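Residue-level listing of the chains:
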Amino acid sequence: MDFNLTGSLLISTPAMGDPRFAHTVIYLCAHGSDGAFGLVLNRPLPRLRLADVLAQIGIEASGPGATARVLAGGPVESQRGFVLHGPLAGGEDSGQSLPDGLMLSASTEILRAIARGEGPEEWLLALGYAGWGAGQLEAEIAQNAWLTCAAPRALIFDAAPGEHQWHAALRSMGVDPMSLSAVAGRA
């Protein structure tokens, strides 16, 4: 593999054969020769809010983010939570460093800080993740199942999750969603 997509977005195309990933936008947290790991950004879980998740693990939510949506981060380990976030006040290190100053945390400490209203300004909570074995993602990209692009923070944290986020991600690349086809050729 001669490229690393860590910190990039994957945007599914109509050629995506797996319905679990139709119209998805995924932030790639890790990509290397042994595989890839990412979080689906545009699949909010219906009726599940941060306060619900916090209550399940015994944390009282008093901060303004208590009503924030929780995302279905992917089909793998769907009971495990991941917080993708910007820097913490005071520059504290709370997890895995990602490109552009982002962090990935799986500890309850970041959730406690968010619950108290002392967490990072930008964050999202996803349950589960999307994972690929060695060479699997590269094969899917070669089959035109994914487009890749930079990951502007506005697309990660500010876009309304769902179909709108998928459209916005495509438009950020200059791609009209209506122009995509499930059939692609190679020159």
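Everything below is about the structure shown above.
Residues numbered from 1 in each chain as written. Predicted model: local features only at pLDDT ≥ 70, side-chain atom pairs only at ≥ 80, totals over all residues. Heavy atoms only, no water.

### A short note on the packing of aromatic side chains
Logical step 1: Under the criterion given, the structure shown has 5 aromatic pairs.
Logical step 2: Seen from their ring centres, Phe21 and Trp146 are 6.0 Å apart, and the 65° between their planes marks the pair as edge-to-face. Remark: Trp146 occurs in strand E10 (residues 146–149) and Phe21 occurs in the loop between strand E1 (9–12) and strand E2 (25–32); sequence separation between them is 125 residues. Grouping residues by exposure puts Phe21 and Trp146 together as buried.
Logical step 3: Seen from their ring centres, Phe82 and Tyr129 are 5.8 Å apart, and the 85° between their planes marks the pair as edge-to-face. With Phe82 in strand E6 (residues 76–85) and Tyr129 in strand E9 (residues 123–133), this pair connects stretches of sequence that are 47 residues apart. (Phe/Tyr/Trp six-rings, centres within 6.5 Å; stacked < 30°, edge-to-face > 60°. Helix = DSSP H or I, 4+ residues; strand = E, 2+ residues; numbered from the N terminus. Buried < 20%, exposed > 50% of the residue type's maximum accessible area, 1.4 Å probe, protein only.)

### Things to note about the pairing of strand E3 (residues 35–40)
Logical step 1: E3 sits mainly inside the fold: 6 of its 6 residues count as buried.
Logical step 2: Burial along E3 is two-sided: Gly35, Phe37 and Leu39 and Ala36, Gly38 and Val40, pointing in opposite directions, are all buried.
Logical step 3: Hairpin connection of E2 to E3: 2 residues between the antiparallel strands. (Pairing = 2+ DSSP bridges.)

Honestly, it's all geometry; don't read function into it.
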